[in-house]
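Here are the chains, one letter per residue:
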Amino acid sequence: MAAEPTREWSDEQLKSDDLPKKDVIKFLQDNAAHSFLNEHKLLGNIKNVAKTAKKEQLVIAYNQLFESKRFKGTEPVEDVTEQVKAVKIEEKPKEVKAEVVDEGPPKYTKAVLKKGDKTNFPKKGDPVSCWYTGTLEDGTVFDTNIPTVAKKKKQTKPLSFKVGMGKVIRGWDEALLTMSKGETARLEIEPEWAYGKKGLPESKIPPNAKLIFEVELVSVD
Amino acid sequence: MALEQFSDVVQRCEALPNDSYTSDDHNVFTIAGRTCIEEGNSPQVLSIVLDEKNQNIVRSMGWNLLPPLIQVLLKKEDKHLPQCLSIFNHLLETCRPKELLIGLLEQLEHDDPDRIAESLHLLLNPLQKVLLCLGSRKASSLGMTLSSVLDQLAKLPVPVTKEQEEDDVFSLCRCCTDLIQFVRPFVQEARLNQSSGNQLEKSHKTASGQDEGAEDELQTELLKFCMKTLSQPLLDVQIRDPDTLPLSPLRTFASEILDILGAVGESLPSLLFHPLLKRKEVPGFLEEEVRYPKNSLASLAHLVFVHHLAADTFPSVFSPVFCLRSNMEHISILLSRPEDSRLQKGLELYEKSLVRVEDGSLPADLLEIKTFLTVPQDLVKVMTVCPKHDLRTKGLKLFQLSIDKFRTEAKYRFFQYMLRTSNHSGVEGYVIKNIKNQIDAALQPGNSNIWFEGAHLLPLLRKVFSLPDGPETDLLQNLDRVMESLNLLRYLVIRDKVTENQTGIWTELYKIEDAFMKPLRVGLNMSRAHYERELQDTMENKKKKTKDESVLSVSVDGDELPKMTSESQIQALHSALHTFDMIESVLVRIEELIEVKDGPEPAGEPHPLKT
């Protein structure tokens, strides 16, 4: 168990513009208990948290952390959660899109389940082929093209289309551009980059549904 | 007599070596045999045909007996039906498949719907049996059969209402069900070919190129079949949804066709997004147009997107905008024909595609795609000319819906285009009303945009504030357009303060006065003078009771319509004058408002009205 962390910054330093939000967030994420971070809305990708949290909030949180001493490892459930978090962080590839979307944080997340060749990345307009399974948050499978899982109609071909051209939902277009040949990833797509307010009733997708896809990028032409 | 002849020729030929029968032998056999059956001697024919000794000749010539046999079987009440059936079945097993096929197909052709339906019902099963005997060479024969069957099917009247589908008076539904039964084994074979041959490169000619070709042929014939059915009868049929009609043979038929497409390796997305997803060149003997006829694809789009028949296999990942783009091709095809059923389908497909897209999301560059301009033109045709009220109403609703889905620049360009090309006062008026709504929206705080304010707005307004024929414009014919233009002008003058001039109207006003208001004033005066004179003349004629000598008469269906009575004429003229008054009152009001705004601000300036 690590010794109790020390205050790196004074109040003045914290409030100063020279200290970027990201640094404070990193410190908090590294040192605070999971429940503490949850309460202060500091969980998740640092970039995203930086966009949504104000400096003042971070200063308050920083101070509160030291007052309440709710550091990592001070909560019983901590260990397991820590391990899970650690595992996730390791597998998170650097392939997360470098491009910052000016509309705000990307409305999907990607977790790599199986690494690709890290060489063949599709560009906009390239034809790609995928196997995929789509589920709702509650686990209902609304679509898949995988032969063993799909109904009697044997679909023996992966889905092919030109990526990055708006032919598919935005979450797919954005995510596939970050995948390499052979990669399998789990995508969680917010409704704004999926089927939005309307959903797709005939395919059992309700309004404002977050969609989860497991996608294998089979080929990039 | 005939029986003796028949018996003789059979006996004689049995003694001869195979294939040395003369054409005379053939003729005697055929004529005598047919006569026997027609005259009711089937039991004797049966025993001759079944006789072990006679099998060679039966194999060679037996198929010629099919016509009278089938006639008996169709009659269903003949006392020799069982014997005929036995002969028939024996021939099916004994004779050569190719010859049997010809014989059977000939018996399909009829003109009377009842006979067609009965023949199909009787003969599809035997045809299937025969085709299955052809082994790997069956594809072209299957194609020929399917073609004949569909030609006959096309002659059957199509049910229009739900009740008609349930009653199935002309047996179209039963025939469709029979047809699916018929193709089942061939589809199964194609499905197996698909999965086993999946790894092979179709373009690669290997040593077994022959067999691959045969498999391809089977698939091609089934594809041709599907495409044909999608067009006929499916394009003319209204499919009922499960809640309306739980058991619908036609819906089942349509679903099966979609399934067959999958079995022969066609992917629905590939077919439907066909023009946009450049397909790889498939080597084969069918050209693209024949292989994938546009009407059939349009029909398919309707089945998939409106009736959701392939919901469990169609991928749920395509973006709604992309689906709309692709469907515009199909919508265009459907709206290009005047038949109600086609228009209905076109409108339904358009609606389903638009509704999935978010409001204000379609960008202006879509208008560079031809169909995004031709489909609204088709809609205008429906809205203005279609005799069916429901379709006209729906057309208008979709016209507005399509406008709502465009982003601001796209709306702007669309309005420009419609004003330039629609040539219909009602449509122009409707577009001008939309322009007013957009200007109103742009003037709301925080909604400012460059299209409905300032520099871009003015060219658009110039098109709005114009009279097609200057002062000589027919004001009654162009009433809708003129009134909406005046409404818009009045709105602008009230809403946009002189001091702000957000829309630019105040700097533009002098041009509008010259190009629009003054000619309109002149036109009103001229029209009014003309109609007042007409009214006077008519009233005088009425007093004098002079015979009305008009040069024109109108007749409908041979009956001449009665000439307008004087009373009606007077009423019409009054109505026209009333209309001019109405136009003038708005014009005057606008002139008043302009004067007021140009001069000092009076104390009781009314609150800007939102008209």
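Residues numbered from 1 in each chain as written. Chains lettered and ligands numbered in written order. Predicted model: local features only at pLDDT ≥ 70, side-chain atom pairs only at ≥ 80, totals over all residues. Heavy atoms only, no water.

In the nomenclature of an unreviewed UniProt entry, chain B corresponds to Glomulin from the organism Crenichthys baileyi.

Looking at an unreviewed UniProt entry, chain A carries the name peptidylprolyl isomerase, with the source organism given as Crenichthys baileyi. Regarding chain A, the relevant UniProt record gives this comment under Catalytic activity (unreviewed entry): "[protein]-peptidylproline (omega=180) = [protein]-peptidylproline (omega=0)". (UniProt positions renumbered as here; feature names shortened; annotations may be inferred.)

Undergrad: I keep staring at the overall build of chain A and nothing clicks. Help me out?
TA: Check the secondary structure of chain A and you find 7 helices and 6 strands. The helix and strand sequence of chain A, counted from the amino end, reads α-α-α-α-α-α-β-β-β-β-α-β-β. For chain A, buried positions account for 42% of its 221 residues. The long-range fraction of contacts in chain A, counting pairs at least 24 apart against all pairs at least 6 apart in sequence, stands at 70%. (Helix = DSSP H or I, 4+ residues; strand = E, 2+ residues; numbered from the N terminus. Buried < 20%, exposed > 50% of the residue type's maximum accessible area, 1.4 Å probe, protein only. Contact = heavy atoms within 4.5 Å.)

Undergrad: So what exactly am I meant to see when it comes to the pairing of strand 2 (residues 127–136) of chain A here?
TA: Successive residues of a regular strand alternate their side chains across the two faces of the sheet. All names here are of chain A. Buried residues dominate strand 2, accounting for 9 of its 10 residues. Inspection of the sheet shows strand 2 paired to strand 4 (residues 159–162) by 4 bridges, in the antiparallel sense. Note that in strand 4 the partner of Pro-127 across the bridge is Lys-162. Alignment of strand 2 against strand 6 (residues 211–220), held across 9 bridges, turns out to be antiparallel. In the sheet register, Tyr-132 faces strand 6, and the bridge partner there is Val-215. Alignment of strand 2 against strand 3 (residues 141–144), held across 3 bridges, turns out to be antiparallel. Paired with Thr-135 across the strands is Val-141, a residue of strand 3. From the end of strand 2 to the start of strand 3, which pair antiparallel, there are 4 residues, and Gly-139 there has a positive phi angle of about 100 degrees. (Pairing = 2+ DSSP bridges.)

Undergrad: Can you help me understand the nonpolar core in this one?
TA: Core analysis: the biggest nonpolar cluster contains 212 residues, and Trp-172 and Phe-213 of chain A have the highest contact counts within it. Aside from chain neighbours lying at most four places away, what touches Trp-172 of chain A is Cys-130, Tyr-132, Leu-159, Phe-161, Ile-189, Phe-213 and Val-215 of chain A together with Val-317 of chain B. Counting 22 residues, the second-largest nonpolar core is a separate cluster that includes Leu-28, Phe-36, Leu-42 and Val-59 of chain A. (Core = buried A, V, L, I, M, F, W, Y, C linked by side-chain atoms within 4.5 Å.)

Undergrad: Just checking my understanding: could you explain the side chain of Ser-129 of chain A for this structure?
TA: Residue and element names in this part refer to chain A. Assignment of secondary structure puts Ser-129 in strand 2. There is a polar contact of 3.2 Å between the side chain of Ser-129 and the side chain of Ser-160. With residues up to four places along the chain from it excluded, the contact list for Ser-129 reads Pro-158, Leu-159, Ser-160, Glu-216, Leu-217, Val-218 and Ser-219. (Polar contact = N/O pair within 3.5 Å; in protein donor to acceptor, adjacent residues only side chain to side chain.)

Undergrad: Is there a simple way to think about the interface of chain B and chain A in this case?
TA: Bring the parts together and some accessible area is lost; that lost area is often taken as the interface size. Listed per partner, the contact involves 23 residues of chain B and 24 residues of chain A. Summing the contributions of chain B and of chain A, the shared interface buries around 2200 Å²; its carbon and sulfur component is 52%. In terms of surface lost to chain A, no three residues of chain B exceed Ser-316, Val-317 and Glu-358 of chain B, which account for 27% of the buried area on that side. Between the two partners, chain B and chain A, sit 1 salt bridge. With a shortest N-O distance of 3.5 Å, Glu-358 of chain B and Lys-197 of chain A are connected by a salt bridge. Our count for the contact surface shared by chain B and chain A stands at 11 residue pairs in polar contact (both at pLDDT 80 or more). Residues belonging to the side of chain B that touches chain A are distributed by class as follows: 11 nonpolar, 7 polar and 5 charged. (Buried area = accessible area lost by both parts, 1.4 Å probe. Salt bridge = Lys/Arg side-chain N within 4 Å of Asp/Glu carboxyl O. Nonpolar A, V, L, I, M, F, W, Y, C, P; charged D, E, K, R; others polar.)

Undergrad: Even after reading the chapter, I still don't get unusual backbone geometry, so can you show me in this structure?
TA: Outside of glycine, negative phi angles account for most residues, and trans bonds account for most peptide bonds. Residues and elements named next belong to chain B. Following Gln-232, the chain continues into Pro-233 via a peptide bond in cis, with omega recorded as 10 degrees. With respect to the helices and strands, the residue Pro-233 is situated in the loop between helix 12 (209–231) and helix 13 (249–263). Positive phi values are uncommon outside glycine, yet Asn-501 reaches one of about 50 degrees. Here Asn-501 shows up in the loop between helix 24 (479–495) and helix 25 (505–544).

Undergrad: In this structure, what is going on with a nonpolar patch on the surface? I would like to understand it.
TA: Where nonpolar side chains cluster on the molecular surface, the patch consists of Val-554, Val-556 and Leu-561 of chain B and spans about 250 Å² of accessible area. By the element assignment, Leu-561 of chain B lies in the loop between strand 2 (559–560) and helix 26 (566–598). (Patch = residues over 30% accessible without salt bridge, like charges linked within 9 Å, V, L, I, M, F, W, Y side chains within 5 Å. Areas by Shrake-Rupley, 256 points an atom, 1.4 Å probe, with all protein chains shown as cover.)

Undergrad: Is there a simple way to think about the packing of aromatic side chains in this case?
TA: Centre distance and the angle of the planes are the two values used to describe a pair of aromatic rings. Under the definition given, this model contains 28 aromatic pairs over all chains. For the ring pair Phe-406 of chain B and Phe-414 of chain B, a centre distance of 5.4 Å and an interplane angle of 40 degrees mean the geometry is tilted. Judged on exposure class, the residue Phe-406 of chain B and its partner Phe-414 of chain B are both buried. What links up through ring pairs into an aromatic cluster is the set Trp-9, Phe-27, Tyr-62, Phe-66 and Phe-71 of chain A. Just above the ring of Tyr-491 of chain B sits the side chain of Lys-436 of chain B; from NZ or CZ to the centre is 5.6 Å. (Phe/Tyr/Trp six-rings, centres within 6.5 Å; stacked < 30°, edge-to-face > 60°. Lys NZ or Arg CZ within 6 Å of the ring centre and 35° of its normal.)

Undergrad: What is the right way to look at the packing of helix 19 (residues 371–385) of chain B against helix 21 (residues 408–421) of chain B in this model?
TA: Packed helices, taken two at a time, are described by their axes: the angle between them and the distance between them. Residues and elements named next belong to chain B. For the pair helix 19 and helix 21, interaxial distance at closest approach is 11 Å and the crossing angle is 50 degrees. Relative to helix 21, the element helix 19 is oriented oblique. As for how helix 19 packs across helix 21, the hand of that crossing is right-handed. Taken together, the residues of helix 21 that come into contact with helix 19 (itself represented by Leu-373, Pro-376, Gln-377 and Val-380) are Phe-414, Tyr-417, Met-418 and Thr-421. Residue classes in the contact of helix 19 with helix 21 are distributed as 6 nonpolar, 2 polar and no charged. (Axes fitted to C-alpha atoms, helices over the stretch in contact; angles between N-to-C directions. Parallel < 35°, antiparallel > 145°, perpendicular 65-115°, else oblique. Left-handed = near helix turned anticlockwise from the far one by under 90°.)

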